[in-house]
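The chain contents come next:
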Amino acid sequence: PPKQFVGVWTIPRRAYGLKRRKSKPDQRPRTIRIVMSSDYGFYAGILRFVAKKTESDDREIKVMMGHLSGIATAIEHSGRFVVERANCESAARAFAGVAKFLQERILPEALAAGNEGALNQLKWAIETSLALGSELVKRIALEEYEGQDKFTFDLPMPPGSPTVH
């Protein structure tokens, strides 16, 4: 079925920390357009965006961004992903970074725009990122998960999803 678009954001480049190129007086500032769909594609897009825009020479950060890219692909297809025990800590840090980025860089712009659908999706993405990061840490710390080498995570229903009565 075709995807339904419930939110379109046009965000100035300064919102996510990129330096704006000097523009000529007759040019508009460059913007990025993020289209949010009603399925998990919007969250996968956010994860890919953060992974792509995070540049570092630090090996650990590159690994975390690799986790985000792989998780994005998995959730886009099924709404679930698997993380190996050895990768839980770095994946948790990656999700915490996504939540921080969204809260500091994107949320203020979305609030200023007043797009209720986009705000709902953004709040869901922040809450989901924080919850996943917390759950990843919990899985490697609690005894009840001690014998498991891999963990499967299902995402909560995204905003705007039909509810079962």
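Residues numbered from 1 in each chain as written. Predicted model: local features only at pLDDT ≥ 70, side-chain atom pairs only at ≥ 80, totals over all residues. Heavy atoms only, no water.

Draft legend 1. A look at the overall build of the protein chain. Of regular secondary structure, the protein chain possesses four helices and four strands. Put simply, the protein chain runs from its N terminus to its C terminus through helices and strands in the order β-β-α-α-β-α-α-β. The burial tally for the protein chain puts 40% of its 165 residues in the buried class. Contacts spanning at least 24 positions in sequence make up 73% of the contacts within the protein chain whose residues lie at least 6 apart. (Helix = DSSP H or I, 4+ residues; strand = E, 2+ residues; numbered from the N terminus. Buried < 20%, exposed > 50% of the residue type's maximum accessible area, 1.4 Å probe, protein only. Contact = heavy atoms within 4.5 Å.)

Draft legend 2. Representation of the pattern of salt bridges. Taken as a whole, this structure holds five salt bridges when the rule is applied. In this structure, the salt-bridge partner of R93 is E60, at a minimum N-O distance of 3.0 Å. Of this pair, R93 sits in helix α3 (residues 88–113) while E60 sits in helix α2 (residues 59–78); the two residues are 33 residues apart in sequence, bridging distant segments of the chain. Of the residues examined, R93 reaches a relative accessible area of 43% and is grouped as partly exposed. Looking at E60, the relative accessible area reads 47%, which means it is partly exposed. In this structure, R139 and E135 form a salt bridge, with 2.8 Å as the shortest nitrogen-oxygen distance. (Salt bridge = Lys/Arg side-chain N within 4 Å of Asp/Glu carboxyl O.)

Draft legend 3. Highlighting the environment of G70. Within the secondary structure, G70 sits in helix α2. G70 sits in the partly exposed class, given a relative accessible area of 43%. With 11 residues separating them along the chain, G70 and F81 place their C-alpha atoms 8.7 Å apart.

Draft legend 4. Here's a closer look at the packing of α3 against helix α4 (residues 116–141). For the pair α3 and α4, the least separation of the axes is 8 Å and the interaxial angle reads 160 degrees. In terms of axis orientation, α3 runs roughly antiparallel to α4. Like other packed secondary-structure pairs, α3 and α4 cross with a definite hand, here left-handed. A class-by-class count of the residues in the contact of α3 with α4 yields 20 nonpolar, three polar and one charged. (Axes fitted to C-alpha atoms, helices over the stretch in contact; angles between N-to-C directions. Parallel < 35°, antiparallel > 145°, perpendicular 65-115°, else oblique. Left-handed = near helix turned anticlockwise from the far one by under 90°. Nonpolar A, V, L, I, M, F, W, Y, C, P; charged D, E, K, R; others polar.)

Draft legend 5. Quick look at the environment of R85. Among the secondary structure elements, R85 is positioned in the loop between β3 (80–84) and α3. For R85, a relative accessible area of 23% gives the class partly exposed. Counting along the chain gives 64 residues from R85 to D149, while the straight-line C-alpha distance between them is 5.1 Å. The contacts of R85, once residues within four sequence positions are left out, are R139, I140, Y145, E146, G147, Q148, D149, K150 and F151. Of the polar contacts made by the side chain of R85, one reaches the backbone oxygen of Q148; its length is 2.8 Å. (Polar contact = N/O pair within 3.5 Å; in protein donor to acceptor, adjacent residues only side chain to side chain.)

Draft legend 6. Spatial organisation of the packing of aromatic side chains. This structure, assessed with the given rule, holds seven aromatic pairs. Measuring from ring centre to ring centre gives 6.0 Å for F49 and F101, while their planes differ by 50 degrees; the resulting arrangement is tilted. Placement of the pair is F49 in helix α1 (residues 41–53) and F101 in helix α3, with a sequence separation of 52 residues. For the pair shown, F49 and F101 are each scored as buried. For the ring pair F81 and F153, a centre distance of 5.2 Å and an interplane angle of 20 degrees mean the geometry is stacked. You can see F81 sitting in strand β3 and its partner F153 sitting in strand β4 (residues 150–154), a full 72 residues away along the chain. The same class applies to F81 as to F153, namely buried. (Phe/Tyr/Trp six-rings, centres within 6.5 Å; stacked < 30°, edge-to-face > 60°.)

Draft legend 7. Focus on the nonpolar core. Ranked by size, the top nonpolar core spans 40 residues in total, and within it Y43, L47, L68, F81, F95 and L102 carry the most contacts. When residues of this core are traced back to their parent elements, those giving at least two are α1, α2, β3, α3, α4 and β4. When residues in this core are grouped by element, the largest group, 12 residues, is from α3. (Core = buried A, V, L, I, M, F, W, Y, C linked by side-chain atoms within 4.5 Å.)

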